[in-house]
Amino acid sequence: MVLAAMPLLAATSDTPIKVTTFADEDGENASACSLREALKTAEIRKAYGGCEVTDIRPTTRKLIQLEAGTYLLQSELVPNVDVSIFGKIPEDWQNKNVINNDYPAKTQLTTVIKAQNANRLFNTTVGKKALALTNIALTGGQTNDRGGAIYAGADIILQNTQILNSQATKEGGAIFLAGTSASLTITNSLIQGNQSPKASVLAMSCFNDNVYSKRKINISGSSLVQNGSTASSSTLEFCGEPEGVLSTNTIAKNTANTTNGSIIKFTGDAVPGGSINSSLLSDGSSLELESNTIVENTAHATLLYDKMGGKLLTYNLIAYNSSYACRYLLGAAKAEKLVGIGLAYNALALGASDTKKCDIPDESVPVTNTTNIDISTVTDVRTLLS
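This is a predicted model, so every value here is computed, not measured.

Visitor: I'd like a description of the overall build of the protein chain, backed by residues and values.
Guide: Each helix and strand in the protein chain was counted, giving two helices and 36 strands. On C-alpha atoms alone, the protein chain measures out to a radius of gyration of 23 Å, which is about the 21 Å that the 2.2 N^0.38 rule sets for 386 residues. Its C-alpha atoms put the protein chain at 80 × 55 × 40 Å along the principal axes. Surface accessibility of the protein chain: about 17200 Å² in total, with carbon and sulfur atoms responsible for 52%. Of the side-chain charges in the protein chain, 31 are positive and 35 negative, and the distance between the mean point of each set is 2 Å.

Visitor: Let's hear about the sheet that holds strand β36 (residues 373-374): which residues, and what values?
Guide: The strand order across the open sheet built from 11 strands is β3-β7-β10-β14-β18-β23-β26-β29-β32-β35-β36, with neighbouring strands paired in parallel fashion. A strand with exactly one partner marks an edge of an open sheet, and here the two such strands are β3 (69-73) and β36. Note: strand β10 (residues 137-139) against strand β14 (residues 162-164), three bridges, orientation parallel. Opposite leucine 138, over in β14, you have isoleucine 163 as the bridge partner.

Visitor: Quick one: what's the story with the pattern of salt bridges, residue by residue and with numbers?
Guide: Tallying each qualifying case throughout the model produces 16 salt bridges. Its salt-bridge partner being glutamate 171, residue lysine 198 comes within 3.7 Å of it at the nearest N-O pair. Of this pair, lysine 198 sits in the loop between β18 (190-192) and β19 (202-204) while glutamate 171 sits in the loop between β15 (167-168) and β16 (175-177); the two residues are 27 residues apart in sequence, bridging distant segments of the chain. By relative accessible area, lysine 198 is classed as partly exposed at 29%. Note that glutamate 296 is salt-bridged to arginine 382, the shortest N-O span being 2.9 Å. With glutamate 296 in the loop between β29 (293-295) and β30 (301-305) and arginine 382 in the segment after β36, this residue pair connects regions lying 86 residues apart in the sequence. The class of glutamate 296 is partly exposed, set by a relative accessible area of 23%. The exposure class of arginine 382 is exposed, given its relative accessible area of 54%. Residues joined in a network through salt bridges with shared partners are Asp145, Arg146, Lys170, Glu171, Lys198, Glu237, Lys265 and Asp269.

Visitor: Help me get a handle on the pairing of strand β9 (residues 131-134), residues and values and all.
Guide: Here β9 shows two buried faces, one formed by Leu131 and Leu133 and the other by Ala132 and Thr134. As paired elements, strand β4 (residues 83-86) and β9 share four bridges and run parallel to each other. The partner of serine 84 across the bridge, within β9, is alanine 132. By the bridge criterion, four bridges tie β9 to strand β13 (residues 156-159) in an arrangement that is parallel. The partner of leucine 133 across the bridge, within β13, is leucine 158.

Visitor: How would you explain helix α2 (residues 35-44) if you had to name every residue and give the values?
Guide: Within α2, seven of the 10 residues are buried, leaving the element largely enclosed by the surrounding structure. Those residues of α2 that fall on the buried side of the exposure criterion are Leu35, Arg36, Glu37, Ala38, Leu39, Thr41 and Ala42. For α2, the elements touching its buried residues are β1 (17-18), β2 (62-65), β3, β4 and β7 (111-115). Looking one or two residues beyond α2, the residue adopting positive phi is arginine 45, at roughly 60°.

Visitor: Report on unusual backbone geometry, specifying residues and quantitative values.
Guide: Here the bond from tyrosine 103 into proline 104 is cis, since omega is -5°, no more than 30 degrees from zero. Among the structural elements, proline 104 can be located in the loop between β5 (91-92) and β6 (105-106). Look at asparagine 165: it is not a glycine, yet its phi comes out positive at around 55°. On the secondary structure map, asparagine 165 appears in the loop between β14 and β15.

Visitor: Quick rundown of the nonpolar core? Include the residues and the values.
Guide: Core analysis: the largest hydrophobic core is formed by 74 residues, its most contacted members being Ile64, Ile85, Ile113, Phe122, Ile150, Ile175 and Ile264. The element that contributes the greatest number of residues to this core is α2, accounting for four residues. Look past the residues within four positions of isoleucine 264 in its chain and what remains in contact with it is Leu236, Phe238, Leu246, Ile251, Leu287, Ile294, Thr302, Leu303 and Leu304. Val225, Tyr320, Ile375 and Val381 belong to the second-largest nonpolar core, a separate cluster that totals nine residues.

Definitions and limits used
Per-chain numbering applies: the sequence of each chain, read as written, is numbered from 1 onward. Reporting of local features is limited, given that this is a predicted model, to residues whose pLDDT is at least 70; pairs of side-chain atoms are given and counted only at 80 or more, and all residues count toward the totals for whole chains, interfaces and linings. Side-chain metrics rest on all non-hydrogen atoms present in the structure, leaving aside hydrogens and water. Runs of E in the DSSP output that reach at least two residues are strands. Runs of H or I that reach at least four are helices, and both are numbered from the N terminus. Here the globule rule is a power law, 2.2 Å times the number of residues to the power 0.38, and the radius of gyration is based on C-alpha atoms. A 1.4 Å probe and the Shrake-Rupley method give the accessible areas. Residues count as covered only by the protein chains that appear here. Charge counting treats Lys and Arg as positive and Asp and Glu as negative, with His and both chain ends excluded. To locate a charge, the coordinates of NZ of Lys, CZ of Arg, CG of Asp or CD of Glu are taken. Only when DSSP finds a minimum of two bridges between them are two strands counted as paired. The term salt bridge refers to a side-chain nitrogen of Lys or Arg lying within 4 Å of a carboxyl oxygen of Asp or Glu. Burial here depends on accessible area, computed with a 1.4 Å probe over protein chains only, as a share of the maximum for the residue type. Under 20% is buried, over 50% is exposed, and the range in between is partly exposed. For this analysis, residues touch if any pair of their heavy atoms sits within 4.5 Å. Joining through side-chain atoms within 4.5 Å is the link that ties buried Ala, Val, Leu, Ile, Met, Phe, Trp, Tyr and Cys residues into a set, and such a set is a nonpolar core.

Given below as structure tokens:
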């Protein structure tokens with residue numbers, strides 16, 4: 001009885017499906033397991049191609065292990081099961097980490113998933129299943145639609161992951177969040193070199209059956225750098241009813257149109273108080289920026305906002321961008337009331353004549369007793385940051 005039970009125990013463990021080839025095979029080679037075949041094995045819970053099944057339970061998140069190297073995709077991957085995909089851990093036990101002076105040292109990511117034929121990398125809108133990626137670089141994704149690297153119909157979790165040089169013809173150069181509630185968590189990651197005419201890094205659907213799409217977006221400890229172009233209208237664009245939290249990130253050297261583009265767009269594009277379809281952004285939305293370094297971006301506005309939703313900025317450095325660090329959608333913000341923006345302990349250019357200033361209503365930044373630091377007279381960011 002014990003011997004008979006052993007195969008079942010093995011098949012219900014947390015052992016990942018191990019991918020053994022970099023080729024994009026789909027059932028034609030029984031001697032090797034590709035990433036595409038591993039996803040199929042996880043879905044059907046049976047051996048497929050050269051992959052061995054490791055978990056036959058119907059409700060668990062399936063695990064897939066990749067090795068160091070470049071996995072070339074001939075077409076996008078469409079997971080139909082909740083899945084976590086892991087790359088090789090980027091560690092060097094022969095050297096010490098330069099930050100904490102202890103073993104192991106961090107290294108560059110060595111597991112890469114690359115689009116081979118101008119295709120998107122992941123599409124989860126079909127199966128609407130959660131996707132988690134760890135220690136993986138995604139590069140070269142392209143689409144004539146939305147979401148150059150990831151087109152998400154369910155939750156996306158990126159841990160120590162990179163999205164590099166992806167493009168979308170419509171919007172969401174790196175990621176597009178579709179559906180009613182697809183949420184996004186990015187931690188300790190790099191988003192670089194992505195482009196789209198709208199939202200070079202992140203875009204999302206605004207409505208579902210005439211109701212605002214609700215989702216949570218959390219980006220922390222990450223670098224969003226060198227994305228976009230002068231032909232793009234934005235870098236991150238929020239709509240629907242999101243709860244957005246951006247904390248401890250570097251957002252720098254991104255580019256959007258200098259006439260009407262913005263790096264972070266959090267507006268309804270309509271006069272507040274209209275019908276549901278008159279505003280892209282619900283008044284129940286929220287955006288929190290905490291401890292971010294947002295510098296050296298090129299656009300008409302770095303943070304574009306209006307009266308829709310709540311905005312809270314704490315402990316940020318927002319300055320040294322090409323134009324306004326903060327800009328009110330409908331004109332000068334000084335005398336506006338009930339804008340719903342709060343600021344505390346930020347380093348900002350607040351001088352009245354500074355063309356790169358953070359334009360905020362007087363009610364949000366009182367002249368006296370403010371905790372924010374005015375850096376209007378500091379001309380070089382490198383005197384503040386090393």
